[in-house]
Amino acid sequence: MTRLVQIRAGQVRRVALVEEPGLRLLRSHASVLDLAREAAASGTPLTALVAREASGQILDYEAVYQGRSEWRLLPPVDHPGEPSRCLVSGTGLTHIGSAQNRASMHSGAESLTDSMRMFQSGVEGGRPPAGAIGAAPEWFFKGTGSILRAHDEPLEVPAFADDGGEEAEVAGAYLIGDDGTPRRIGMAAGNEFSDHQFERKNYLNLAGSKIRTCSLGPELVVDPDFDSVPGAVTIERAGATLWTGRIATGEAEMCHSLRNIEHHHFKFESHRRPGDLHIHFYGAHSLSFGAGIILADGDSVTIQFRGFGRPLRNPIRIARAPARLVTAPPLL
């Protein structure tokens, strides 16, 4: 598999090919987005372009990964200089575990919650035959590229939030070509991160619960195996393991096919604006919130999926200041 990282030393950005235990720098590209643009414009497969651009300069990956190098890991794909042109979104209720977690938040007198109805719709119609359109999955907006965090960067719980909880997922990165065609660049492990306590109060809080920081990486896999991908989530507190869970994702684990998810995201004309980058989360297997875990300031969340490189680790930072009233005075 071809796995890429983005790194920075001071103001200098580079792309590197993962060749454990090293990182092989590419010669002339400052971002994966630049690579993808060139591949799309020239008709060159991205893997072939990476191989052609590989230099003889090797970095010690362990030193970079552990923060002992002048080079620091960035999110493995972004839109440098124009983060507003990176749309971060996702599809939920694709895995039975997270659907059950969500349903338990809103169960009452009714026998089947809206969450389970949405999941069942995917089970019944989320895998259409080639050339057909299947059932629409749940879709949510998280923000623009300014919310992306890298390996070892904190995920923030803002002062107005009720909670912050991990959602271990794989996300796809897509470039919209000059002709308006979306092209998948690759996939990365991610922590989609949401406010589950706020959502639990009312299902209609889902939209607001998603507008949070999230993380990707550390590696972007250009040619992943996304059939059945086992993984694990570990939460540490004060240097000890608080909770760990086995998870799995991939098309064999989901009620929607990847093709159906991509259609229902990119069917909107506004999602096919040439030059834009899209990061789309494919859904979580299960959540520690479902096991009664409430993350605390200083906790660390580690996520790893087989075939997606080194684990993604992020500390949790909870704002200590009280929420501040935001006003919008009129322009009189």
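Everything below is about the structure shown above.
Residues numbered from 1 in each chain as written. Predicted model: local features only at pLDDT ≥ 70, side-chain atom pairs only at ≥ 80, totals over all residues. Heavy atoms only, no water.

Draft legend 1. Region of the structure containing the pairing of strand β18 (residues 312-318). Two strands pair when backbone bridges link them, and strand β9 (residues 155-157) and β18 are joined in this way by three bridges, in the parallel orientation. Across the sheet, the residue bridging to L155 is I316, located in β18. The pairing of strand β17 (residues 300-305) with β18 spans four bridges and is antiparallel. Its bridge partner lying in β18, S300 is registered against P315. Here β17 hands over to β18 after six residues, with G307 in that stretch at a positive phi of 90°. (Pairing = 2+ DSSP bridges. Helix = DSSP H or I, 4+ residues; strand = E, 2+ residues; numbered from the N terminus.)

Draft legend 2. Representation of the environment of V222 within the structure. Looking at the secondary structure, you find V222 in the loop between β13 (220-221) and β14 (229-237). Overall, V222 belongs to the buried group, its relative accessible area being 15%. Taking the C-alpha atoms as reference points, V222 and T2, 220 residues apart in sequence, are found 5.5 Å from one another. The residues contacting V222, other than those within four sequence positions of it, are T2, L4, L46, T47, I185 and G186. (Buried < 20%, exposed > 50% of the residue type's maximum accessible area, 1.4 Å probe, protein only. Contact = heavy atoms within 4.5 Å.)

Draft legend 3. Focus on the nonpolar core. Ranked by internal contacts, the top residues of the largest apolar core, which has 30 residues, are L4, L35, V77, V88, I185, L216 and I279. Contributions of two or more residues to this core are made by β2 (12-19), α1 (32-42), α2 (46-53), β6 (86-90), β10 (168-176), β11 (182-191), β12 (214-216) and β16 (277-281). By size, the runner-up hydrophobic cluster in this structure holds 29 residues, among which are I247, L258, L295 and V301. (Core = buried A, V, L, I, M, F, W, Y, C linked by side-chain atoms within 4.5 Å.)

Draft legend 4. Summary view of the sheet that holds β18. An order of β9-β18-β17-β14-β15 is seen for the five strands of this open sheet, with the pairing classed as mixed. Of all strands in the sheet, those bounded by a partner on one side alone are β9 and β15 (240-249). Taking the axes of each pair of neighbouring strands and ignoring which way they run, one obtains an average angle of 20° across the sheet. As judged from the nine bridges shared by β14 and β15, these two strands associate in the antiparallel manner. (Axes fitted to C-alpha atoms, helices over the stretch in contact; angles between N-to-C directions.)

Draft legend 5. Spatial organisation of the pattern of salt bridges. Summed over the entire model, instances satisfying the criterion amount to 21 salt bridges. One salt bridge in this structure joins R52 and E53, with 3.8 Å as the shortest N-O distance. Given a relative accessible area of 47%, R52 falls into the partly exposed group. E53 gets classed as buried once you look at its relative accessible area, which sits at 12%. Measuring nitrogen to oxygen at the nearest pair gives 2.8 Å for the salt bridge that ties R320 to D297. (Salt bridge = Lys/Arg side-chain N within 4 Å of Asp/Glu carboxyl O.)

Draft legend 6. Highlighting α2. Taken together, the buried positions of α2 are L46, L49, V50 and E53. Taken around the axis of α2, the buried residues stretch over an arc of 100°, which confines them to a single face. Against β1 (3-9), β2, β3 (22-26), α1, β4 (54-60) and β11 lie the buried residues of α2. (Arc of directions from axis to C-beta.)

Draft legend 7. Quick look at the side chain of N314. For N314, the position within the fold is in strand β18. On the basis of relative accessibility, which here comes to 1%, the residue N314 falls in the buried class. A polar contact of 2.7 Å, which involves the side chain of N314, links it to the backbone oxygen of E153. A polar side-chain atom of N314 sits 2.8 Å from a polar atom in the side chain of S215. If we ignore the near neighbours within four places in the chain, the residues touching N314 are A150, H151, D152, E153, L155, S215, D299, S300 and V301. (Polar contact = N/O pair within 3.5 Å; in protein donor to acceptor, adjacent residues only side chain to side chain.)

Draft legend 8. Summary view of the pairing of β2. For β2, the buried fraction is high: six of the eight residues fall into the buried class. The sheet contact formed by β1 and β2 spans six bridges and is antiparallel. If you follow I7 over to β2, its bridge partner there is R14. Where β1 folds back on β2, the antiparallel hairpin that results is connected by two residues, among which G10 adopts a positive phi of roughly 65°. One ladder, built from four bridges, connects β2 with β3; its direction is antiparallel. What sits directly across from A16, in β3, is L25.

Draft legend 9. How the structure looks around the side chain of E138. If you trace the backbone, E138 turns up in the loop between α5 (114-125) and β7 (140-144). Take E138: its relative accessible area is 4%, and that puts it in the buried class. Only 3.5 Å separates the side chain of E138 from the backbone nitrogen of G92, close enough to count as a polar contact. Among the polar contacts listed, one links the side chain of E138 to the side chain of Y203, at a separation of 3.4 Å.

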